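Structural overview for review
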Amino acid sequence: MIDLHIDAWRAWAPGIDDAADWAAWAAAPHPVVDRGEQPACDFVPAMQRRRLSRLARIVMHTAWPLCGDDEQVPFVFASRHGETTHTFAMLDDIGREAPLSPTRFGLSVHNAIAGQWSILRGQRGESVAIAGEADTFEHAVVEATALLGEGASAAIVVVAEELPAKAYDGWIDDVPFSYTLALRVSLAGGGPRWRLSLGENTGATPAAGEPHALRFIRALHHGATLDHPWKTRRWTWQPIA
Amino acid sequence: MNDLERDIARLIIETLALEHLGVDDIAPDQPLFGQGLGLDSVDALELALALQNRYGLKIASDSRDARRHFETVRSLALYVQASGSACAS
């Protein structure tokens with residue numbers, strides 16, 4: 001069982017960006033169509049921005065304001081599928097026996113975005129990059145809590161997925177559109193308190209449907225308990241008064 | 001700037017995603033790396049690959065001359081010309 005404060009959060013999906021957008025979406029969810037749009041990230045100098053993938057941009061766009069320029073905050077990057085766009089392009093190169101782009105290769109590794117965050121924000125502390133199953137979000141929060149347990153006063157957790165190439169249809173069924181959720185969490189901050197507990201799932205695993213991290217955004221708005229069964233695990237999120 | 005130099009400048013912009021620059025923003029004698037345009041070692045690898053694909057240039061990474069050839073757009077153009085395969089498109 002984990003108790004933590006969610007001191008700030010930001011999220012992005014195509015057409016849903018600021019707090020008002022998310023409040024409206026939480027009240028009345030609507031289908032989201034991914035047309036490849038991405039945040040401008042014009043707070044990043046052009047020479048650095050050119051190396052930000054779409055996935056990296058949505059991460060920077062949401063996480064950036066959660067970290068002050070004068071503080072060091074541990075960073076947890078979580079993505080089940082990672083840089084599928086880079087991976088698919090490289091598989092295509094390999095199929096054509098063409099040499100791989102060194103830049104693409106370097107930026108395709110799972111901790112590349114955490115590395116870019118570290119460089120762009122001057123963060124010299126811990127950073128973690130994880131990939132899990134459908135409960136990647138919960139595992140990321142467990143990871144962040146471990147960092148808080150080691151003495152960090154706050155941690156940033158970002159879960160992000162990019163709509164993959166058509167070729168992944170039938171293989172990736174839980175990313176209907178690109179999205180990211182960034183949280184700033186602590187053990188003793190001023191934000192709303194939430195309890196995450198893990199039990200055994202004895203029922204079936206539900207179909208993928210809506211991205212789980214976005215269900216959590218709705219729970220945040222409504223202050224409502226959220227259940228997340230996956231295989232043998234059953235995660236429960238509860239607001240604590 | 002001659003045609004080959006323009007072609008190389010365009011290749012640099014496209015290959016290295018320098019979307020904020022136009023061909024005329026890269027002077028033929030402007031240093032590409034470090035204090036000049038600001039390219040780094042990853043760019044050097046990427047550019048070597050692009051030059052190989054476009055002009056058939058083979059550039060050994062341990063070549064002592066590579067650093068000199070990669071100094072500016074002009075030095076790259078001279079190198080492409082000297083290699084005698086500048087007609088590729």
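Going by the structure above, here's the rest.
Here the structure is a predicted model, which means the values were calculated and not measured. (Residues numbered from 1 in each chain as written. Chains lettered and ligands numbered in written order. Predicted model: local features only at pLDDT ≥ 70, side-chain atom pairs only at ≥ 80, totals over all residues. Heavy atoms only, no water.)

**Examining the environment of I58 of chain A**
Residues and elements named next belong to chain A. Here I58 lies in helix α3 (residues 54–63). Residue classification places I58 among the buried residues on the basis of a relative accessible area of 1%. As for I58 and L181, which are separated by 123 residues in sequence, their C-alpha atoms are 9.2 Å apart. Setting aside anything within four residues of it in sequence, one finds I58 in contact with W12, P39, E161, S178, Y179 and T180. (Helix = DSSP H or I, 4+ residues; strand = E, 2+ residues; numbered from the N terminus. Buried < 20%, exposed > 50% of the residue type's maximum accessible area, 1.4 Å probe, protein only. Contact = heavy atoms within 4.5 Å.)

**As for the side chain of S178 of chain A**
Residue and element names in this part refer to chain A. Assignment of secondary structure puts S178 in the loop between β4 (155–161) and β5 (179–186). Residue classification places S178 among the buried positions, given a relative accessible area of 1%. Of the polar contacts made by the side chain of S178, one reaches the backbone nitrogen of L163; its length is 2.9 Å. Residues within four places of S178 in sequence aside, it is in contact with W12, A13, P14, D34, R54, I58, E161, E162 and L163. (Polar contact = N/O pair within 3.5 Å; in protein donor to acceptor, adjacent residues only side chain to side chain.)

**Some thoughts on the nonpolar core**
By size, the foremost hydrophobic cluster in this structure holds 38 residues, and its most contacted members are I6, W22, F137, L181, V185, F216 and W237 of chain A. Sequence-distant contacts of W237 of chain A, that is, excluding residues within four places in its chain, are made with F137, E138, V141, W194, R195, L196, H212, F216, A224, T225 and L226 of chain A. Residues L4, I12, L39 and A77 of chain B belong to the second largest nonpolar core, which totals 26 residues. (Core = buried A, V, L, I, M, F, W, Y, C linked by side-chain atoms within 4.5 Å.)

**Re a nonpolar patch on the surface**
Residues and elements named next belong to chain A. On the surface, a nonpolar cluster with roughly 460 Å² of combined accessible area is contributed by F88, L91, I94, L100 and F105. Tallying contributions element by element places helix α4 (residues 84–95) first for the nonpolar patch, with 3 residues. For F105, the location among the structural elements is in helix α5 (residues 102–108). (Patch = residues over 30% accessible without salt bridge, like charges linked within 9 Å, V, L, I, M, F, W, Y side chains within 5 Å. Areas by Shrake-Rupley, 256 points an atom, 1.4 Å probe, with all protein chains shown as cover. Salt bridge = Lys/Arg side-chain N within 4 Å of Asp/Glu carboxyl O.)

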